Amino acid sequence: MTDAHAPSSPSSADRAAVERELRTMIAEAARLDAAVVAGLPADTDLFGPEIGLTSLAGVTLLGAVDARFGVDVAALDLSLDSLQSIATLADFVTGHRGTR
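Residues numbered from 1 in each chain as written. Predicted model: local features only at pLDDT ≥ 70, side-chain atom pairs only at ≥ 80, totals over all residues. Heavy atoms only, no water.

A. Layout of the pattern of salt bridges. Inspection of the entire model under this criterion finds five salt bridges. Ionic pairing is found between Arg23 and Glu19, a salt bridge with its closest N-O pair at 2.8 Å. With Arg23 and Glu19 both in helix H1 (residues 12–30) and four residues apart, the pair spans about one turn of that helix. The two residues Arg23 and Glu19 agree in class, both being buried. Salt-bridge contacts for Arg68 lead to Glu21; the nearest nitrogen and oxygen are separated by 2.7 Å. (Salt bridge = Lys/Arg side-chain N within 4 Å of Asp/Glu carboxyl O. Helix = DSSP H or I, 4+ residues; strand = E, 2+ residues; numbered from the N terminus. Buried < 20%, exposed > 50% of the residue type's maximum accessible area, 1.4 Å probe, protein only.)

As structure tokens, this is what we get:
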């Protein structure tokens, strides 16, 4: 991780709530049915065939994440490793909420 902020220790309930919201945001950005994204395993690749996030949809998703959670993923994770899967994004956002 290439961020300058130490992530906080979130509760598992908080992380689950963040993941649910992120799944809805991912579905909107990728123009997929929310129920389909909700049913995918957490380790599903965001840019893989199941979700098929494009670079433009990725930018849209990052803007929505910043607006909703106050986490600027692109600024905090320069390599964007957090965009590997649903789980990595949920972990990153949960750990960095309120660190600005």
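B. Spotlight on the environment of Val37. With respect to the helices, strands and loops of the structure, Val37 is situated in helix H2 (residues 34–38). C-alpha separation for the pair Val37 and Leu22, spaced 15 residues apart in sequence, amounts to 9.8 Å.

C. Summary view of helix H3 (residues 55–69). In this model H3 runs 21 Å from its N-terminal to its C-terminal C-alpha over 15 residues, within 8% of the 21 Å that 1.5 Å per residue would give. Every buried residue of H3 is accounted for by Ala57, Gly58, Leu61, Leu62, Val65 and Phe69. For H3, the arc enclosing every buried residue in end-on projection is 140°, short of the 170-degree limit, so these residues lie on one face. Away from its buried face by more than 90 degrees, H3 exposes Leu56, Val59 and Ala67. Where H3 is buried, its residues contact H1, helix H4 (73–76) and helix H5 (86–96). In the segment just after H3, Gly70 is the residue with positive phi, at about 70°. (Expected span 1.5 Å × (residues − 1). Arc of directions from axis to C-beta. Contact = heavy atoms within 4.5 Å.)

Any link to function would need more than the numbers given here.
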